[in-house]
Amino acid sequence: MSKPPACPKPSAKREAILDAAVAAFLEVGYAATSMDGVSGRAGVSKATIYAHFESKDQLFAAVIRRRCDRSAAFAPPEDKADARSTLRLLGHRLLDLLLQPDTLAMYRVVVAEAVRQPDLAKAFYESGPGAGKAQIAEVFADLDRRGKLAVPDPRQAADLFTGMLRTDLFMRTLLGLPQPEGHTIDVAVDAAVETMVRAFGTP
């Protein structure tokens with residue numbers, strides 16, 4: 001599978017294609033979405049789509065990449081604050097993104113098709129969770145460099161942190177189940193942050 005192009009400049013046609021692709025993927029699923037269908041929704045020729053994206057999985061990857069780029073979830077905090085404040089901000093951003101209805105809908109599309117469409121699963125992971133986790137690892141590396149935490153393996157720390165955030169709150173929301181009393185984003189984020197600070201705090 002070809003990798004998606006790195007941060008291409010937005011154009012009206014490209015944005016129209018991506019908007020149409022999002023609508024198609026969410027409405028009929030990945031397998032039933034065709035380049036012909038996307039071209040019809042976007043009002044462009046199929047040749048125009050292929051001028052921007054070599055394949056459907058590359059188109060899907062670009063959809064996920066755009067969503068991540070538009071979100072502040074993975075952006076390094078501008079304030080060089082202490083570890084708790086930094087991780088609390090990062091945790092809230094990430095859970096706010098994960099719990100949005102269209103994020104959950106796209107996640108369901110991937111899970112439903114991943115076994116039959118391994119390229120889809122790869123495109124989703126590399127452009128979404130994988131890329132995001134790498135940026136979170138950079139935040140941990142920065143905290144380590146500034147002496148706010150002692151993090152020997154920032155990538156592993158990012159994995160642990162995101163894993164703790166994807167708790168019962170996320171699973172119940174994904175499945176459309178009601179939340180027990182007291183299950184809030186604040187509670188989930190605070191628990192994850194305190195665990196990380198206790199595990200990696202400097203003396």
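Report follows, based on the coordinates. Just so it is clear, the model here is predicted, and its values are computed rather than measured.

### Describing the nonpolar core
Leu87, Phe140, Leu149 and Phe161 are the most contacted members of the largest nonpolar core, which has 29 residues in total. Contributions of two or more residues to this core are made by helix H5 (83-98), helix H8 (129-145), helix H9 (154-165), helix H10 (168-175) and helix H11 (185-200). Top element by residues in this core is H11. It accounts for seven residues. The residues contacting Phe161, other than those within four sequence positions of it, are Leu87, Leu90, Gly91, Ile136, Phe140, Ala192, Val193 and Met196.

### So, a nonpolar patch on the surface
A cluster of nonpolar residues, Met171, Leu175 and Leu177, forms a patch on the protein surface that exposes about 280 Å² of accessible area. Inspection of the secondary structure puts Leu177 in the loop between H10 and H11. Note on Leu177: relative accessible area 42%, which makes it partly exposed.

### Here we look at the layout of surface pockets
Here the largest pocket is characterised by a volume of approximately 430 Å³. As for the largest pocket, its lining consists of 20 residues, of which Leu98, Phe124, Gly128, Pro129 and Arg166 are closest to the centre. Looking at the lining of the largest pocket, the elements with two or more residues in it are helix H4 (56-70), H5, helix H6 (101-113), helix H7 (118-127) and H8. The biggest single contributor to the lining of the largest pocket is H6, with four residues.

### Description of the packing of aromatic side chains
Under the defined criterion, the tally for this structure stands at six aromatic pairs. With 5.7 Å between their ring centres and 15 degrees between their planes, Phe25 and Tyr30 make a pair best called stacked. Owing to a relative accessible area of 0%, Phe25 belongs among the buried residues under this scheme. Residue classification places Tyr30 among the buried positions, given a relative accessible area of 3%. Arranged with centres 5.0 Å apart and planes meeting at 75 degrees, the rings of Phe25 and Phe60 form a pair that is edge-to-face. Highlighted residues: Phe25 in helix H1 (residues 12-28) and Phe60 in helix H4, separated in sequence by 35 residues. An identical accessibility class is assigned to Phe25 and Phe60; each is buried.

### Considerations on the environment of Ala123
Note that Ala123 resides in helix H7. The spatial distance from the C-alpha of Ala123 to the C-alpha of Ala61 is 5.0 Å, given a sequence separation of 62 residues.

### Focus on the side chain of Thr86
With respect to the element layout, Thr86 can be found in helix H5. Of the residues examined, Thr86 reaches a relative accessible area of 4% and is grouped as buried. For Thr86, the side chain forms a polar contact with the main-chain oxygen of Asp82, separated by 2.9 Å. With near-sequence residues (within four places) excluded, Thr86 lies in contact with Pro77, Ala81, Val139, Leu143 and Arg146.

### Brief notes about the pattern of salt bridges
For the structure shown, the criterion picks out twelve salt bridges. With a closest N to O distance of 3.3 Å, Asp36 and Lys46 form a salt bridge. With Asp36 in helix H2 (residues 35-42) and Lys46 in helix H3 (residues 46-52), this pair connects stretches of sequence that are ten residues apart. In this structure Lys46 comes out as partly exposed when scored by relative accessible area, which is 35%. Here Arg88 ties to Glu194 by a salt bridge, and the two come within 3.9 Å at their closest N and O atoms. You can see Arg88 sitting in helix H5 and its partner Glu194 sitting in helix H11, a full 106 residues away along the chain. Given a relative accessible area of 28%, Arg88 falls into the partly exposed group. Residue classification places Glu194 among the partly exposed positions, given a relative accessible area of 23%. Salt bridges here are not isolated pairs; linked through shared partners, they connect Arg84, Arg88, Asp190 and Glu194.

How each quantity is defined
- Residues numbered from 1 in each chain as written.
- Predicted model: local features only at pLDDT ≥ 70, side-chain atom pairs only at ≥ 80, totals over all residues.
- Heavy atoms only, no water.
- Core = buried A, V, L, I, M, F, W, Y, C linked by side-chain atoms within 4.5 Å.
- Buried < 20%, exposed > 50% of the residue type's maximum accessible area, 1.4 Å probe, protein only.
- Helix = DSSP H or I, 4+ residues; strand = E, 2+ residues; numbered from the N terminus.
- Contact = heavy atoms within 4.5 Å.
- Patch = residues over 30% accessible without salt bridge, like charges linked within 9 Å, V, L, I, M, F, W, Y side chains within 5 Å.
- Areas by Shrake-Rupley, 256 points an atom, 1.4 Å probe, with all protein chains shown as cover.
- Salt bridge = Lys/Arg side-chain N within 4 Å of Asp/Glu carboxyl O.
- 1 Å grid on protein atoms, 1.4 Å probe; cavity = no way out; pocket = protein on both sides within 12 Å on 5 of 7 lines; lining within 4 Å.
- Points joined across faces, edges and corners; volume = space filled by probe spheres on them.
- Phe/Tyr/Trp six-rings, centres within 6.5 Å; stacked < 30°, edge-to-face > 60°.
- Polar contact = N/O pair within 3.5 Å; in protein donor to acceptor, adjacent residues only side chain to side chain.

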